[in-house]
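Descriptive structure summary
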Amino acid sequence: MLEADLLIIDVNLATMDPAIDSPYGAIENAAIAIKDGEISWLGPRSQLPEIDALATPIHKANGQWLTPGLIDCHTHILFAGSRANEFEQRLLGTSYQEIAAQGGGIASTVTATRLADRETLYVNGKERLNSLLKEGVTTVESKSGYGLDVENEIKLLEINQLLSEHHPIDVHSTFLGAHALPLEYKDNSQAYIDLVCDEMLPLVAERQLATAVDVFCENVGFSYQQTKQVFERAQALGLQVKCHAEQLSNQHGSELVADFNGLSADHIEYLDEAGVEAMARGDVTAVLLPGAFYFLRETQLPPIELLRKHKVAMAIASDFNPGTAPLCSLRLMLNMACTLFRMTPEEALRGVTAHAARALGLGDRGMLKVGMRADLALWNISHPAQLSYQFGVTDLSNLWILGKLNQ
């Protein structure tokens, strides 16, 4: 007899499991059982084993669709201040260089974040996580990167830990000390990279404040050699690596991630076929960020056809941040991935479930499969494509995290 803490019946499953030979890994007229926070059984309702109906809570889904909880695998949710004034200035014709010369751009966010107390940053992060939770998001990656000194980078990562402990969403921290050059190092980028490697990274590793390290490898960020230096130090300390790569030009950051057996290369609008081939060989996930593409009014599309050709897994994320993607909605990203990047609705949904889990190195979620975390989103839709097709409607019926009902 099947024992379960929860049984969901009269449900259609979009498992996203590639082992199931159907679009979306779909199983219609199905049932799914949860035990101890994990999926213990799933399949056609007709094959459901005997169960003690009196002792088992049963949820009737009335033909709705169940997906894995959504995963936002690239965000910058911890910051203070607003850059709405810069948004307005740019629309009125002020250049980014002029704004930066006035103390704007990322420097203004760093200043505001350094001045903010822990409670303010925690509340800001909690409110942004609440917005994602309402959309069916159950796992979020949160990067540091707006402190850019030892004290404030550690502060941001410690707040990430508090959020993960006290918020229903599972928050995974990434250290992004090499995000931009702080003003106090404006004439000596190498000295700042040395600070990242010699002081920040050892503290992050010692205190177990992050599982991965990210670098902005770009002609306006950090060089290939500087990125390699950070990766070497991170890997020596047992941390995984990923990269903001090929967003504005091809600096070969994606190939470097592959050389280090890293998790993901993110943005990648200027990635060439050699870089795609390297990612395929290294099993590196491509994280596509349509919100930044849209907000910056970019025209260089990521190489979707090459990624398909070489079978590189494509994840989708919000990139929520105050400067280039102030769009705290993963559901909106699903639509943009289809409309702007011409991905299919199935590719997009896989990008915020199974492939987003890959981008974070998480093998316990992103699919509906026996043994996986019971992070489940139930949608009042007639087909999974509706999740990409429509935006702004309230179609999330129920959300379970580790088998516990959150909505």
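Criteria and cut-off values
- Residues numbered from 1 in each chain as written.
- Predicted model: local features only at pLDDT ≥ 70, side-chain atom pairs only at ≥ 80, totals over all residues.
- Heavy atoms only, no water.
- Buried < 20%, exposed > 50% of the residue type's maximum accessible area, 1.4 Å probe, protein only.
- Helix = DSSP H or I, 4+ residues; strand = E, 2+ residues; numbered from the N terminus.
- Pairing = 2+ DSSP bridges.
- UniProt positions renumbered as here; feature names shortened; annotations may be inferred.
- Contact = heavy atoms within 4.5 Å.
- Polar contact = N/O pair within 3.5 Å; in protein donor to acceptor, adjacent residues only side chain to side chain.
- pLDDT = per-residue confidence, 0-100.
- Axes fitted to C-alpha atoms, helices over the stretch in contact; angles between N-to-C directions.

Further remarks concern the pairing of strand 9 (residues 212-217). By the criterion of burial, strand 9 is predominantly enclosed, with 6 of the 6 residues buried. With burial as the criterion, each face of strand 9 is covered, one bearing A212, D214 and F216 and the other bearing V213, V215 and C217. Here strand 8 (residues 170-178) runs beside strand 9; their pairing, made up of 3 bridges, is parallel. Residue pairing for strand 9: A178 is matched across the bridge by V215. Relative to strand 10 (residues 240-245), strand 9 is paired through 6 bridges, and the arrangement is parallel. Opposite V215, over in strand 10, you have C243 as the bridge partner.

This paragraph deals with the UniProt feature "binding site: Fe(3+)" (unreviewed entry) in the protein. UniProt records the feature "binding site: Fe(3+)" (unreviewed entry) at H74, H76, H244 and D319, using the numbering of this structure. Sequence-wise these annotated residues cover 246 residues; spatially they are packed, their C-alpha atoms never more than 12.4 Å apart. Excluding its chain neighbours within four sequence positions, the residues that come into contact with H74 are E141, K143, H244, D266, H267, V287, L289, A317, S318, D319 and F320. A polar contact of 3.2 Å, which involves the side chain of H74, links it to the side chain of H76. For H76, the position within the fold is in the loop between strand 6 (70-72) and helix 1 (84-91). Classification of H76 as buried rests on a relative accessible area of 2%. Apart from the residues within four sequence positions on either side, H76 is in contact with K143, S144, Y146, L176, H179, H244, D319, F320 and N321.

Okay, the confidence of the model for the protein next. The predicted coordinates of low-pLDDT regions are not to be read in fine detail. Per-chain confidence: the protein averages 96 in pLDDT, with 99% of residues scoring 70 or above. When the elements of the protein are averaged for pLDDT, helix 2 (residues 96-101) gives the smallest value, 73, and strand 6 the largest, 99.

On to the sheet that holds strand 10. Read from one edge to the other, the open sheet built from 8 strands follows the order 6-7-8-9-10-11-12-13, with strand pairing classed as parallel. Pairing within the sheet leaves two strands with one partner each, and these edge strands are strand 6 and strand 13 (314-316). For this sheet, the mean inter-axis angle between neighbouring strands, taken without regard to orientation, is 25°. Here 3 bridges tie strand 11 (residues 264-267) to strand 12 (residues 285-288), and the two strands are oriented parallel to one another. By the bridge assignment for strand 12, A265 is matched with A286.

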